[in-house]
Amino acid sequence: MTIATLSEGPAILIGYAWRLQIEAEAPVFAEGASYTGHLRLKPSDPTLLAELSSADDGIQHISTSVLELSLTRSQTAGLSPGRVVLDLVRTDLEPDLHLGFLLEIPVMLPVTRGLSP
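Residues numbered from 1 in each chain as written. Predicted model: local features only at pLDDT ≥ 70, side-chain atom pairs only at ≥ 80, totals over all residues. Heavy atoms only, no water.

Next up on the list: the overall build of the protein. Secondary structure summary: the protein contains 1 helix and 9 strands in total. What you see in the protein, going N to C, is helices and strands ordered as β-β-β-β-β-β-β-α-β-β. On C-alpha atoms alone, the protein measures out to a radius of gyration of 14 Å, which is about the 13 Å that the 2.2 N^0.38 rule sets for 117 residues. For the protein, the spread of C-alpha atoms along the principal axes amounts to about 40 × 30 × 25 Å. When burial is assessed residue by residue, the protein has 38% of its 117 residues classed as buried. (Helix = DSSP H or I, 4+ residues; strand = E, 2+ residues; numbered from the N terminus. Rg over C-alpha atoms; globule rule 2.2 N^0.38 Å. Buried < 20%, exposed > 50% of the residue type's maximum accessible area, 1.4 Å probe, protein only.)

Relative to strand E7 (residues 66-71), strand E6 (residues 59-63) runs antiparallel, the two sharing 4 bridges. Among the inter-strand pairings, serine 63 is bridged to a residue of E7, identified as valine 66. A loop of 2 residues connects E6 with E7, the two strands running antiparallel in sequence. (Pairing = 2+ DSSP bridges.)

Our next topic: the sheet that holds strand E3 (residues 18-23). The antiparallel open sheet is built from 3 strands, whose spatial order is E3-E7-E6. The sheet is open, and its two edges are formed by E3 and E6, each paired on a single side. Averaged over neighbouring strand pairs, the angle between their axes works out to 20° when direction is ignored. (Axes fitted to C-alpha atoms, helices over the stretch in contact; angles between N-to-C directions.)

As a further point, take unusual backbone geometry. The omega angle of the peptide bond from glutamate 94 to proline 95 is 0°, so this bond is cis rather than trans. Secondary-structure assignment places proline 95 in the loop between strand E8 (82-90) and strand E9 (97-108).

What follows concerns the environment of arginine 83. The topology assignment puts arginine 83 in strand E8. You can call arginine 83 partly exposed: its relative accessible area is 41%.

What follows concerns the nonpolar core. Generally speaking, soluble globular proteins have nonpolar side chains that are buried together. Judged by nonpolar contacts, the single largest core of 24 residues is most densely connected at Ile12, Ile22, Leu69 and Leu103. Elements supplying a minimum of two residues to this core: E3, strand E4 (35-40), strand E5 (50-53), E7, E8 and E9. When residues of this core are assigned to their parent elements, the largest contribution, 4 residues, is made by E9. (Core = buried A, V, L, I, M, F, W, Y, C linked by side-chain atoms within 4.5 Å.)

Mapped onto the fold, threonine 76 is located in helix H1 (residues 73-77). One polar contact links the side chain of threonine 76 to the main-chain amide nitrogen of glycine 15, over a distance of 3.0 Å. Once you skip the residues sitting within four places of it in the chain, threonine 76 turns out to touch Ile12, Leu13, Ile14, Gly15, Tyr16 and Leu71. (Polar contact = N/O pair within 3.5 Å; in protein donor to acceptor, adjacent residues only side chain to side chain. Contact = heavy atoms within 4.5 Å.)

Throughout the structure, instances matching the rule amount to 3 salt bridges. Residues glutamate 104 and arginine 83 are paired through a salt bridge, measuring 4.0 Å at the closest nitrogen-oxygen approach. Of this pair, glutamate 104 sits in strand E9 while arginine 83 sits in strand E8, and the two are 21 residues apart along the sequence. Look at glutamate 104 and you get partly exposed, because its relative accessible area is 26%. The residue aspartate 92 makes a salt bridge to arginine 90 at a minimum N-O spacing of 2.8 Å. Given the relative accessible area of 35%, aspartate 92 is considered partly exposed. (Salt bridge = Lys/Arg side-chain N within 4 Å of Asp/Glu carboxyl O.)

Below you can see the structure in the form of structure tokens.
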């Protein structure tokens with residue numbers, strides 16, 4: 001499995017919506033496919049912090065080589081500063097297909113916080 005630490009992408013700011021586009025070098029994201037991803041503190045942690053899914057627009061197909069991942073402000077509100085991990089699974093195939101990579105994403109406490117939704 002490939003592990004990628006986001007050094008150029010946006011950190012997750014606690015209490016704010018977050019978006020990230022991931023781009024593959026080849027056309028691997030089929031139009032109409034379904035994807036799910038779990039956000040955890042580390043791969044072995046049983047606690048699910050958030051779920052992203054193409055069913056609820058947490059994962060959006062942009063092109064055959066680009067997916068956009070997003071978290072709502074309510075999903076980031078309960079996170080703690082540090083890092084989280086996320087991987088993706090294609091769920092419309094039998095059996096489900098793990099996409100073979102893991103993202104490690106920094107989580108930061110913003111200075112401006114506590115604003116009403």
